Amino acid sequence: MKKLNFLLLLLILVGISVLSAQTKVAVLGFEKNDRDSGNITTSMMKRDFNKIFEGNPVYKLMELKKTGNVVKAEGYSDLNLLGRKQLTDLGAKLEAEILIWGDVSSLSRSEYKITAKIMILRTKNIEVLSFTIPNKSKERQAILKKELVDRITTLIEEERNELKNIAMMQFDSDNYPEAETLFQKLLTADPSYIEAYVYLGYMKFLEGDFASAEQYYKEGLKTNPKHEEFLIYLGSVYRRQNKHQEAISTLLIIAEDKNEAPLWLTIGNSYADLGDIDAAIENLERALEINPEYDKAHLRLAFIYYDDENYEDALEYLEFVSESALNNEDIEGKLAKAYKESGKLDSAIAQYRSNIEKDPANAKAYMKLVSAYLSAGVNAESAKRLEYFNQALTTLQQLKQIAPDDIRVDFRTADVYRIIGDEIGGTKAAVHYRTALETLEKVIATKSQEAQVYSRLADVNILLKQFHAAETNAKKFAKYAPEQHEPYMALARIYFGQATGKYNKFVELEAEGNSGNLYGAEQDAILVQRDNTKKEAYDLFVKCQNSLKKAIAKADSQMTANSIKKFQSAIELIKYLKATKPSFMDS
């Protein structure tokens, strides 16, 4: 899916199979166009159609006589004059799903031209066919079967593909109500098409209707109770409903066999959300046994120990994630406090300096020293903060000389430029933000760590109020990390920043338009601009809300989801706008 590529990467597509229930076909009638085609028309209606549909496991031909009686009762004398509305109503009366009708013309005494029309009532599409048939019954019936029955099968498959394409277009446009209707139609056409359950469940997930999402995923599991993707999705739904024990039980069905670090991370997070810290630590450590570099497991362990005020144990994991490419705003603050509370900051700085003196090529010691300097800066009085941050920057510049190809050094350097910019503030901050951008742009050229580089680029763009560039980079971040919540948080911040700017402009224009200083065309122009700006602001607030919903849906723990929900409080501005400026919300 252009979006929800994360779902397609996880999903084994299920091919379209035959219908589980017979599709009802009504032959409305065939008219003779000349006297010579009368016998063939009668033979088709009395014998041929019954023969070609006989024993078909997919299609059920509705009784021809009863169909004809309904057509006559409606007073239709010429089927070719009927419009889609009349045909749809006729199909509803017949309780049919497919209609066939047409006419017959003689070409010779042994050959006839058939003009047939097939209407698929679900889509109201009408297919017009033209072909010739011979006089001999067996040959005639074989051609009718090929041209009509086989064509119906093709049309139904094309109809499903069309429905899929339209459904995906609506899904990609965030028009979820229409997408839901279309995916439901696909399931009606083919109940075994379980891909639809993925989208239906995901849309309900984003809407916060976790109970409905749960039911959709369970429906998908009826086809295969051990289907890995649906079990993973169901586990996520359980977690959003605080059914953590159910989530654990569901994920354990596949965790032992797959033995993948992300699964054990999720199980560990579920235990943590249950308050079973020992079990959480055990499963998170199991994730690290599989992948010792798995930064998200390090991060959760760091936060568990930190929240338990076990700062010494937290330090090991905080240092790891601080040195990694992981972009998390909370790390530096927590690391600084852990150093402070454990009383190990000064000794850590001394130790890392000593390690570098003993081994000038010890890149790990440089990275740890950078983290320690940053922590010292956070903990220092304002007069000395900048000094420590600059020491961190100098250390990174030294490290770059001995590890020129280590991407983590560039990421950390960009981070430090941002920190220094934040500390300086004012117009001078932009100089450091732009240097951070330049550092990250060099990383892009290496085509390494795309997700993290675009994440950081988006963050710096936001600081510089380069919202268009920020949106572009956040979407690239989502492309490379579609399963993560961070890209959608970045998009939410971008849209919120744009929306508040537009709203402020709306207020200015409204005041100017109502000032009494403008008249006629000049005032009209300002009011038009005001209304356009109002709509732009409103649309951006809605995009912000939608991005936050997606971020919450993709959060890997309840702790993360709760953190994102705090940001949602900023959207309370919309309620304020509605209360103070009712016209703002009119659309």
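These numbers come from a predicted model, not from an experiment. (Residues numbered from 1 in each chain as written. Predicted model: local features only at pLDDT ≥ 70, side-chain atom pairs only at ≥ 80, totals over all residues. Heavy atoms only, no water.)

Participant: Would you explain the overall build of the protein chain in this entry?
Facilitator: Tallying secondary structure elements over the protein chain gives 26 helices and five strands in all. Rg of the C-alpha trace for the protein chain: 33 Å, well past the compact-globule value of 25 Å for 587 residues, more than 25% over. In terms of overall dimensions, the protein chain has C-alpha extents of about 105 × 75 × 40 Å along its principal axes. The 587 residues of the protein chain split such that 49% are buried. Sequence separation of 24 or more characterises 58% of the internal contacts of the protein chain that already satisfy a separation of 6 or more. Summing over all exposed atoms, the protein chain offers an accessible surface of approximately 28400 Å²; the carbon and sulfur share of this is 48%. Of the side chains in the protein chain, 78 bear a positive and 86 a negative charge, and the two mean positions are spaced by 7 Å. (Helix = DSSP H or I, 4+ residues; strand = E, 2+ residues; numbered from the N terminus. Rg over C-alpha atoms; globule rule 2.2 N^0.38 Å. Buried < 20%, exposed > 50% of the residue type's maximum accessible area, 1.4 Å probe, protein only. Contact = heavy atoms within 4.5 Å. Areas by Shrake-Rupley, 256 points an atom, 1.4 Å probe, with all protein chains shown as cover. Lys, Arg positive; Asp, Glu negative; His and termini not counted. Charge placed at Lys NZ, Arg CZ, Asp CG, Glu CD.)

Participant: When you look at the pairing of strand β3 (residues 98–106) in this model, what are you seeing that I'm missing?
Facilitator: Working note: regular strand, side chains alternate between the two faces of the sheet. With respect to burial, β3 is a largely interior element, eight of its nine residues being buried. In this sheet, β3 lies alongside strand β1 (residues 23–32) in parallel orientation, the contact comprising seven bridges. Note that in β3 the partner of A26 across the bridge is L99. Sheet topology note: the β3/strand β4 (residues 111–120) ladder contains nine bridges and is antiparallel. Opposite S105, over in β4, you have K113 as the bridge partner. Taken together, β3 and the strand that follows it, β4, pair antiparallel across an intervening segment of four residues. (Pairing = 2+ DSSP bridges.)

Participant: Whenever I open this one, the nonpolar core confuses me. Can you help?
Facilitator: Soluble globular proteins tend to pack their nonpolar side chains together in the buried interior. By size, the foremost hydrophobic cluster in this structure holds 114 residues, and its most contacted members are F171, F183, M203, Y217, F230, L318 and Y339. Excluding its chain neighbours within four sequence positions, the residues that come into contact with F230 are I194, Y197, V198, Y217, G220 and L221. (Core = buried A, V, L, I, M, F, W, Y, C linked by side-chain atoms within 4.5 Å.)

Participant: In this structure, what is going on with the layout of surface pockets? I would like to understand it.
Facilitator: One water molecule sets the probe size; rolling that probe over the atoms shows where empty space is left. For the largest pocket, the calculated volume is near 1300 Å³. Contributing to the lining of the largest pocket are 50 residues, with P262, Y294, K296, E483 and Q484 lying nearest its centre. No other element matches helix α9 (residues 228–240), which puts eight residues into the lining of the largest pocket. Its residues assigned to classes, the lining of the largest pocket comprises 24 nonpolar, ten polar and 16 charged. N328, D330, H485, T560 and S563 are the residues nearest the centre of the second largest pocket, which is lined by 28 residues in total. (1 Å grid on protein atoms, 1.4 Å probe; cavity = no way out; pocket = protein on both sides within 12 Å on 5 of 7 lines; lining within 4 Å. Points joined across faces, edges and corners; volume = space filled by probe spheres on them. Nonpolar A, V, L, I, M, F, W, Y, C, P; charged D, E, K, R; others polar.)

Participant: Looking at this model, I keep getting lost on the packing of helix α19 (residues 407–424) against helix α20 (residues 429–446). Mind explaining?
Facilitator: How two helices sit against one another is set out by the angle between their axes and by the gap between those axes. Where α19 meets α20, the axes come as close as 7 Å, and the angle between the chain directions of the two elements is 165°. One finds that α19 runs roughly antiparallel with respect to α20. The way α19 lies across α20 gives a crossing that is left-handed. Within the contact between the two elements, α19 uses I407, D410, F411, T413, A414, Y417, R418, I420, G421, D422 and I424 and α20 uses A429, H432, Y433, T435, A436, T439, L440, V443 and T446. Residue composition of the contact of α19 with α20, grouped by class: eleven nonpolar, six polar and three charged. (Axes fitted to C-alpha atoms, helices over the stretch in contact; angles between N-to-C directions. Parallel < 35°, antiparallel > 145°, perpendicular 65-115°, else oblique. Left-handed = near helix turned anticlockwise from the far one by under 90°.)

Participant: Help me understand the confidence of the model for the protein chain, please; the structure alone is not making it clear to me.
Facilitator: Note: predicted coordinates in regions of low pLDDT should not be interpreted at a detailed level. Per-chain confidence: the protein chain averages 87 in pLDDT, with 93% of residues scoring 70 or above. Mean pLDDT values for the elements of the protein chain range from 30 in helix α1 (residues 5–10) up to 96 in helix α12 (residues 277–290). Counting interchain partners and residues more than four positions distant, the pLDDT-below-50 stretch residues 1–20 has 49 contacts. (pLDDT = per-residue confidence, 0-100.)

Participant: What is the right way to look at the pattern of salt bridges in this model?
Facilitator: For side chains of opposite charge, pairing can occur when their charged atoms come near one another. For the structure on display, the rule yields 35 salt bridges. Between D89 and K85 there is a salt bridge, and its shortest N-O distance comes to 2.7 Å. Pair noted here: D89 and K85 are both in helix α4 (residues 84–94), with a separation of four residues, about one helical turn. One connected set of salt bridges, linked through shared partners, spans E319, E323, K364 and K368. (Salt bridge = Lys/Arg side-chain N within 4 Å of Asp/Glu carboxyl O.)

Participant: Hey, could you run me through the sheet that holds β4 in this one?
Facilitator: Pairing between the strands of a sheet comes from backbone hydrogen bonds, and it takes one of two forms, parallel or antiparallel. Strands sit in the order β2-β1-β3-β4-β5 across an open sheet of five strands; the sheet is mixed. The open sheet has two edge strands, β2 (59–61) and β5 (125–134), and neither has a second partner. In this sheet, adjacent strand axes meet at a mean angle of 25° when their direction is disregarded.

Participant: Looking at this structure, I do not really get the side chain of S105. What am I missing?
Facilitator: Position of S105 relative to the elements: it lies in strand β3. On the accessibility criterion, S105 (18% relative accessible area) is buried. Engagement of the side chain of S105 in a polar contact is seen with the side chain of N33, the distance being 2.8 Å. Beyond its immediate stretch of four places on either side in the chain, S105 contacts N33, D34, S37, Y112 and K113. (Polar contact = N/O pair within 3.5 Å; in protein donor to acceptor, adjacent residues only side chain to side chain.)

Participant: Sorry if this is basic, but what is going on with helix α25 (residues 558–568) here?
Facilitator: Each α-helix winds once per 3.6 residues, and so residues spaced three or four apart point in a common direction. Listed in full, the buried residues belonging to α25 are Q558, T560, A561 and I564. Projected down its long axis, α25 carries its buried residues within an arc of 155°, all on one side. Summarising the contacts, the buried residues of α25 are in contact with α9, α11 (261–274), α23 (486–513) and α24 (520–554). (Arc of directions from axis to C-beta.)

Participant: Would you mind showing me how to read the packing of aromatic side chains here?
Facilitator: Between two aromatic rings, the relevant description is the distance of the centres plus the angle of the planes. Across all of its chains, the model carries 15 aromatic pairs by this definition. Look at Y197 and Y216: their rings are 6.4 Å apart centre to centre, the planes differ by 45°, and that puts the pair in the tilted class. Taken together, the residues span a long stretch of sequence, with Y197 in helix α7 (residues 195–206) and Y216 in helix α8 (residues 210–223) at a distance of 19 residues. On the numbers, 5.4 Å between centres and 40° between planes, the contact of Y217 with Y233 is tilted. You can see Y217 sitting in helix α8 and its partner Y233 sitting in helix α9, a full 16 residues away along the chain. Neither Y217 nor Y233 differs from the other in exposure class; each is buried. Put simply, the rings of F171, Y176, F183, Y199 and Y202 touch in pairs and so form one group of aromatic residues. Directly above the aromatic system of F303 lies the positively charged group of K334, at a separation of 4.8 Å from the ring centroid. (Phe/Tyr/Trp six-rings, centres within 6.5 Å; stacked < 30°, edge-to-face > 60°. Lys NZ or Arg CZ within 6 Å of the ring centre and 35° of its normal.)

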